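Examining the three-dimensional arrangement
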Amino acid sequence: MENDITKKTLLGMTPEELKAVIAEEGLPAFAAKQLTQWIYQKGIGDISRMTNISVAGRQKLAERYEVGLMAPLAKQESHDGTVKYLFPTHACGRVETVFIPEDDRGTLCVSCQVGCKMGCRFCMTGRQGFQGNLTATDILNQIYSLPERERLTNIVFMGQGEPMDNLDAVLRATQLLTANFGWAWSPRRITVSTVGLKKGLKRFLDESQCHLAISLHNPFSEERAAMMPAERSYPMAEMMELLHEYDWTGQRRLSFEYIMFGGLNDSNRHARELVRLLGQIECRVNLIRWHRIPDPSPASPIREGSELREAPQERMIAFRDYLTHRGVLCTIRASRGQDIDAACGMLNTKENEK
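Quick look at the structure, then. If you're wondering where the values come from, they're calculated on a predicted model, not measured in any experiment.

As for the overall build of the protein
The helix and strand inventory of the protein stands at 13 helices and 14 strands. Relative to its 354 residues, the protein shows a buried fraction of 53%. Long-range contacts, defined as pairs at least 24 residues apart, comprise 68% of the intrachain contacts of the protein with a sequence gap of at least 6. When the accessible surface of the protein is summed, it comes to about 15,700 Å², and 49% of that surface belongs to carbon and sulfur atoms.

In structure tokens, the structure reads:
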């Protein structure tokens, strides 16, 4: 059962907003700093456990507020250690989060929307349709309620939804994670991915120092539009023009995500065009193996399977080497969690089918 929607959530509020809460409840001004520490440094989800705030003060707060932490509803664990969680949200529906451990790194792939408006041909989330934006509370809950929270070293906004389509909440969440009163993370530990919504992208580049990842997947506009309808409204050419206005030679990194599909975007022609498109900007290309979308079950509201197929490993290696030898840094991302359908939207779809 989701939390009481009549109560306001404290997770996601800034220190200034928490000061206003404290003042409104008639508590001492210093309690605002205590409240901030309990929420953002200690990750305490129960107001009654905030022991340096008076009992009466805690009772007053609890009448109208809650921290907003909610435990995951479901879990799937891969043989390679990857764990996918299904979280409830305050805003709408349920959302998926994936924890990926690797040596001394722990990366969390978080979501920013339930469903997605972008309608990418290869994405299970897009096939679910758009259900709503997550609040900053819902985004942060995926992090603060994660059982492996203490192992986190990096966060990527590459889960369900388009971050530039819910930019207010994404910026608030990343700013709270990097603020001195909280975890004080470097923005370089956070990567935000986008299909390239130009208006949101410019604002993100101006207001954030987090790394940027562009979901590219095809260097030819018409072919990209057939895979990713957003290309028609937000052309790749305009996106590249904007990216060239910023300095990528410093600490902030620009990368391009490129899922390789056999016979669709893995030819020499595509490799040559990528070199032409990206050769004059400091960036890297991440080649990604295609996680096949399973055919829908009879109970599924999604009526079509996927005709897309994986590119052979030898083709991915040749593609990588072609780009790298021509000055475009290119890597093949290790595939994780395939035995638990770690691609976005799979777990939520299965739970809905139940």
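With respect to the sheet that holds strand 3 (residues 74-77)
Spatially, the ten strands line up as an open sheet ordered 3-4-5-6-9-10-11-12-13-14, and their pairing is mixed. Of all strands in the sheet, those bounded by a partner on one side alone are strand 3 and strand 14 (329-332). Strand after strand, the sheet turns through a mean of 20° between neighbouring axes, direction not considered. As judged from the five bridges shared by strand 5 (residues 94-102) and strand 6 (residues 105-109), these two strands associate in the antiparallel manner. Pairing of Glu-102 across the sheet is with Arg-105, part of strand 6.

Some remarks on the nonpolar core
Side chains of a nonpolar character, in soluble globular proteins, are inclined to be buried together. Core analysis: the biggest nonpolar cluster contains 98 residues, and Leu-212, Leu-243 and Phe-256 have the highest contact counts within it. Broken down by element, the residue count for this core peaks at seven residues, all from helix 6 (residues 167-178).

Concerning the side chain of Ser-111
Mapped onto the secondary structure, Ser-111 falls in the loop between strand 6 and strand 7 (113-114). Of note is the side chain of Ser-111, whose polar atom sits 2.6 Å from the backbone oxygen of Glu-96. For Ser-111, the side chain forms a polar contact with the main-chain nitrogen of Gln-160, separated by 2.8 Å. With sequence-adjacent residues up to four places away left out, Ser-111 is seen in contact with Val-95, Glu-96, Leu-134, Ile-139, Gln-142, Gly-159 and Gln-160.

Comments concerning the environment of Glu-77
By the secondary structure assignment, Glu-77 is in strand 3. Put simply, Glu-77 and Val-98 are 21 residues apart on the chain and 9.7 Å apart in space, counted from C-alpha to C-alpha.

Structural notes on the pattern of salt bridges
Tallied over the entire structure, the rule returns 16 salt bridges. Here Arg-203 makes a salt bridge to Asp-168, at a shortest N to O gap of 2.7 Å. One end of the pair, Arg-203, is in helix 7 (residues 198-207); the other, Asp-168, is in helix 6, with 35 residues separating them in the sequence. Using a relative accessible area of 32% as the deciding quantity, one classes Arg-203 as partly exposed. Taking relative accessible area as the criterion, Asp-168 reaches 53% and is therefore assigned exposed.

A look at the packing of aromatic side chains
Taken as a whole and judged by the stated rule, the model has eight aromatic pairs. Ring geometry for Tyr-40 versus Tyr-144: centroids 6.3 Å apart, planes at 75°, classification edge-to-face. Residue Tyr-40 is located in helix 2 (residues 31-41), and its partner Tyr-144 is located in helix 5 (residues 136-144); the two are separated by 104 residues in the primary sequence. The same class applies to Tyr-40 as to Tyr-144, namely buried. One aromatic cluster is present, built from ring pairs that chain together Tyr-40, Tyr-144, Phe-181, Trp-183 and Trp-185. Across from the ring centre of Trp-38, 3.9 Å away, lies the NZ or CZ of Lys-42, which sits over that ring. The ring centre of Tyr-322 lies 3.7 Å from the NZ or CZ of Arg-326, which sits over that ring.

Conventions used here
- Numbering of residues starts from 1 in every chain and runs along the sequence as written.
- With the structure being a predicted model, the display of local features is reserved for residues of pLDDT at least 70 and the display and counting of side-chain atom pairs for 80 or more, all residues being used for whole-chain, interface and lining totals.
- Heavy atoms from the whole structure form the basis of all side-chain values; hydrogens and water molecules are not counted.
- Helical segments are the DSSP runs of H or I of at least four residues, strand segments are the runs of E of at least two, and each set is numbered from the N terminus.
- Three labels apply to residues, based on accessible area from a 1.4 Å probe with only protein chains included: buried if under 20% of the type maximum, exposed if over 50%, partly exposed otherwise in between.
- Here, two residues are considered to be in contact whenever any of their heavy atoms come within 4.5 Å of each other.
- The method behind every accessible area is Shrake-Rupley, applied with a 1.4 Å probe, and residues are considered shielded solely by the protein chains displayed.
- Strands pair, by our definition, only if DSSP identifies at least two bridges between them.
- To get an axis, a line is fitted to the C-alpha atoms, and for a helix only the part in contact is used. The angle between two axes follows their N-to-C directions and goes from 0 to 180 degrees.
- Only buried Ala, Val, Leu, Ile, Met, Phe, Trp, Tyr and Cys residues count toward a nonpolar core, and they belong to the same one when joined by side-chain atoms within 4.5 Å.
- What qualifies as a polar contact is a pair of N or O atoms within 3.5 Å, subject to a donor-acceptor requirement within protein and to the restriction that residues adjacent in sequence count only when both atoms come from side chains.
- Whenever Lys or Arg places a side-chain nitrogen within 4 Å of a carboxyl oxygen from Asp or Glu, that contact is recorded as a salt bridge.
- Note on ring pairs: Phe, Tyr and Trp rings are taken, using the six-membered ring of Trp, and paired if centres are within 6.5 Å. Classes follow the plane angle, with under 30 degrees stacked, over 60 edge-to-face and the rest tilted.
- Definition used: whenever NZ (Lys) or CZ (Arg) falls within 6 Å of the ring centre and also within 35 degrees of the ring normal, the charge is taken to sit over that ring.

Geometric descriptors of this kind do not, in isolation, establish any biological role.
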